[in-house]
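Chains, contacts and geometry: an overview
If you want the building blocks of each chain, they are given just below.
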Amino acid sequence: MRVNMMQFDVLITNTNIATMSDAFGYAKKTPYGAIHDGALGIKDGKIAFVGTEDELGVADAHKIIDAKQSWLTPALIDCHTHLVYGGNRSDEFEMRLNGMDYQEIAKQGGGILSTVQATRQSSIDELYKLSLPRFKSLMKEGVGTIEIKSGYGLNLDGERKMLQVAKKLGDDFGISVKKTYLALHALPSEYMAKADEYVNQACNWLKVLHDENLVDAVDAFCESIAFDKNQVSQLFDVAKSLGLPVKLHAEQMSDMGGAGLVAEFNGLSADHIEYLSTDSIIKMAKHDTVGVLLPTAFYTLKETKLPPIDTMRQYGIKMAVSTDCNPGTSPSTSLLLAMNMACTLFGLTPEEALAGTTIHASKALGLQNSKGQIALGMDADVALWDIDRPADLSYLIGQNHLQGLWVAGKAVMYFAQ
C-alpha cells in the first residue's frame, strides 16, 4: 500500500506551538492556543501544516529542523514605531534629570523640532545608516513585521525621505514594513501661528506620497500641544478619499476624544490611550478599533495615569503592545521589554502581552487575515524560542532566547543548535 507523503519547503518538528489562533482554541480559553509535541510545515511562504507530530504522519522537506521542544510563536509585530530619524536627544534626557522642564528644553532648541532639524539635514543614505541598527535590533528579537511612521520631516521632501528609507529597510531584509504618514505630528517652526495652513499642506502632501506608493496608512497626534479633532478630521477625510486606513495618537496627555474620533472613521487603532474615556471605549468597541499600549513611553515620561485596562477588557477591546521607538519619549528597540512593562506596569497577563504583539498587533495594522497567528494558510511568519513556556517572553527581563525567525517562509535568521 502506497502512503502519500506530505512535502514541505521547511518542516519544524519536536516543537511546542503557541498558535494564538482560534482554530486551536485560543478564543475558547486554551492558553496561547497551544499545541504540545507539535510540528509546523511551510510551503510557498505559507503555513501548510500545523498540528501534533502524530497528526503529521509521513512527511519530508527540503529542510527539517528538530526544535528539541523549543517554542514556536507567530513572529512578533511592532505596530507603532518612529524608527527612522536623525540626531540624538540623550542630552535632553540628561537635562530633564537635572531638573530642566520640557518647555525650557524646547526654548533652547530641543524637543521634537530638534529631531525634525536633524532629519531634514540627513540624506537618505545617512538616515538609512542611522536607522539600520534600530531595525536590526527589532529583528533580533523575533519581530517580522514593523510599522514605521514619518513625522520628523514635516515638509514634503522630509516626509518622502523617511518613507523611502522605511521601504528600503523592509525590502533589504525581507521584513514586512508598513509605512505610515504622520505629517500631523507637530507644527514646524515655519508654520508657527499658521496651523490650519500647515494642515492644508499636509493633506496635499499625502496625495502626492500616496501616488508614489509610499503610504500604507495615515496617523496624526491629537493633543493640546499638537492638533485638534477638526484638523485631524480634515486629514482623515483625505485619507478616506484615497482608500487609506487611519490610526491616531490619542489620549496620551489628556482626554481630547481622539480615540472616539478615529473609531468613528473605522480606524485601525488608537495609540497611547492613558486618558481614554469610557465613551471612547464604547465607540472603539462598536467599530472594533484596537487600543495600542506603549508602556516604554509611559515609563520614560514618568506618567502616573494608567490606561483603563479593566474597562477595555470589559468592552472587549483588543489591546496591542508596541515599542513606540522614538528619540524623545521611548528610545527603545526591545519589544520584549515592552511586553514585560505591559505586564508589570499595566497589569496585562503574559498571554495578553503575547497577543498584543501578535494577533492584536496584526489587526492594528490591518493584517489580521495574513499575520499574527499560526494557522493554515497564514503567512509563514514564525519565531522559534529556547524557553520553557510562552510566559517567559514577558518574564525574562533583558533576556532574548530567539533561535530563529522566518518571514514568508524564508529564514531571516536561524541559529543552528
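Residues numbered from 1 in each chain as written. Predicted model: local features only at pLDDT ≥ 70, side-chain atom pairs only at ≥ 80, totals over all residues. Heavy atoms only, no water.

Remarks on the overall build of the protein chain
Scanning the protein chain from terminus to terminus reveals 16 helices and 16 strands. Against the globule reference of 22 Å for 417 residues, the protein chain gives a C-alpha radius of gyration of 21 Å, in line with a compact fold. With the C-alpha coordinates of the protein chain rotated into their principal frame, the extents come out at 80 × 45 × 45 Å. Residues counted as buried form 57% of the 417 residues belonging to the protein chain. Long-range contacts, defined as pairs at least 24 residues apart, comprise 71% of the intrachain contacts of the protein chain with a sequence gap of at least 6. (Helix = DSSP H or I, 4+ residues; strand = E, 2+ residues; numbered from the N terminus. Rg over C-alpha atoms; globule rule 2.2 N^0.38 Å. Buried < 20%, exposed > 50% of the residue type's maximum accessible area, 1.4 Å probe, protein only. Contact = heavy atoms within 4.5 Å.)

With respect to the layout of surface pockets
Reported here for the second largest pocket is a volume of approximately 610 Å³. In terms of lining residues, the second largest pocket is bounded by 22 residues, among which Tyr-26, Ala-27, Lys-318, Ala-355 and His-360 are the most central. Of all the secondary structure elements, the ones that give two or more residues to the lining of the second largest pocket are helix 12 (309-314), helix 14 (350-356) and helix 15 (359-364). Across the lining of the second largest pocket, the residue classes tally to eight nonpolar, seven polar and seven charged. A domain-level breakdown of the lining of the second largest pocket finds at least three residues from each of domain 1 (6-75 + 372-414) and domain 2 (78-365). (1 Å grid on protein atoms, 1.4 Å probe; cavity = no way out; pocket = protein on both sides within 12 Å on 5 of 7 lines; lining within 4 Å. Points joined across faces, edges and corners; volume = space filled by probe spheres on them. Nonpolar A, V, L, I, M, F, W, Y, C, P; charged D, E, K, R; others polar. Domains from an automatic or database assignment.)

Some words on the domain arrangement of the protein chain
Domain parsing of the protein chain yields domain 1 (6-75 + 372-414) and domain 2 (78-365). Taking only C-alpha atoms into account, the centre of domain 1 sits 30 Å from that of domain 2. Counting from both sides, the interface comprises 27 residues of domain 1 and, opposite them, 24 residues of domain 2. Both sides together, the interface formed by domain 1 and domain 2 hides about 1,900 Å², and carbon and sulfur atoms give 66% of it. The interface formed by domain 1 and domain 2 contains zero salt bridges. Seen at the junction of domain 1 and domain 2, the total is four residue pairs in polar contact (both at pLDDT 80 or more). Taken together, the elements giving at least two residues each to the side of domain 1 that touches domain 2 come down to strand 5 (71-74), strand 14 (382-385), helix 16 (392-395), strand 15 (402-407) and strand 16 (410-414). Taken together, the residues that form the side of domain 1 that touches domain 2 break down as 19 nonpolar, seven polar and one charged. (Buried area = accessible area lost by both parts, 1.4 Å probe. Salt bridge = Lys/Arg side-chain N within 4 Å of Asp/Glu carboxyl O. Polar contact = N/O pair within 3.5 Å; in protein donor to acceptor, adjacent residues only side chain to side chain.)

As for empty space enclosed by the protein
Per the counting criterion, the structure on display carries one cavity of 30 Å³ or more. Its boundaries defined by the atoms lining it, the largest cavity holds a volume of some 40 Å³. As for the largest cavity, its lining consists of Leu-336, Trp-385, Ile-387, Asp-392, Leu-393, Leu-396, Gln-399, Asn-400 and His-401. Residues that form the lining of the largest cavity fall into these classes: five nonpolar, three polar and one charged.

A word on the packing of aromatic side chains
Considering all chains together, one arrives at eight aromatic pairs under this definition. With centroids separated by 5.4 Å and ring planes inclined at 75°, the aromatic side chains of Phe-236 and Phe-265 adopt a geometry described as edge-to-face. One end of the pair, Phe-236, is in helix 8 (residues 229-241); the other, Phe-265, is in the loop between helix 9 (258-264) and strand 11 (269-272), with 29 residues separating them in the sequence. The exposure class assigned to Phe-265 is partly exposed, which follows from its relative accessible area of 22%. Put simply, the rings of Tyr-191, Tyr-198, Trp-205 and Phe-227 touch in pairs and so form one group of aromatic residues. Over the ring of Tyr-85 we find Arg-134; its NZ or CZ atom is 3.6 Å from the centre of that ring. One residue, Lys-168, lies across the ring of Tyr-128, its end atom 5.2 Å from the ring centre. (Phe/Tyr/Trp six-rings, centres within 6.5 Å; stacked < 30°, edge-to-face > 60°. Lys NZ or Arg CZ within 6 Å of the ring centre and 35° of its normal.)

A closer look at the environment of Lys-363
Note on placement: Lys-363 falls in helix 15. Accessibility expressed as a relative area gives 16% for Lys-363, which makes it buried. When sequence neighbours within four positions are dropped, the list of residues in contact with Lys-363 reads Leu-268, Asp-288, Val-290, Lys-318 and Gln-368.

A few points about the side chain of Ser-233
Along the chain, Ser-233 falls in helix 8. Aside from chain neighbours lying at most four places away, what touches Ser-233 is Leu-261 and Phe-265.

Overview of the nonpolar core
Counting 95 residues, the largest nonpolar core has Tyr-181 and Val-218 as the members making the most contacts within it. Broken down by element, this core gets its largest block of residues, seven residues, from helix 7 (residues 195-211). Residues lining this core come from more than one domain, with at least three contributed by each of domain 1 (6-75 + 372-414) and domain 2 (78-365). When neighbours within four sequence positions are excluded, Tyr-181 is seen to be in contact with Ser-150, Glu-159, Leu-163, Ala-202, Trp-205, Leu-206, Leu-209, Val-215, Ala-217, Val-218, Asp-219 and Leu-235. Core analysis: the next-biggest nonpolar cluster, separate from the first, contains 18 residues, Ile-65, Ala-375, Met-378 and Ala-380 among them. (Core = buried A, V, L, I, M, F, W, Y, C linked by side-chain atoms within 4.5 Å.)

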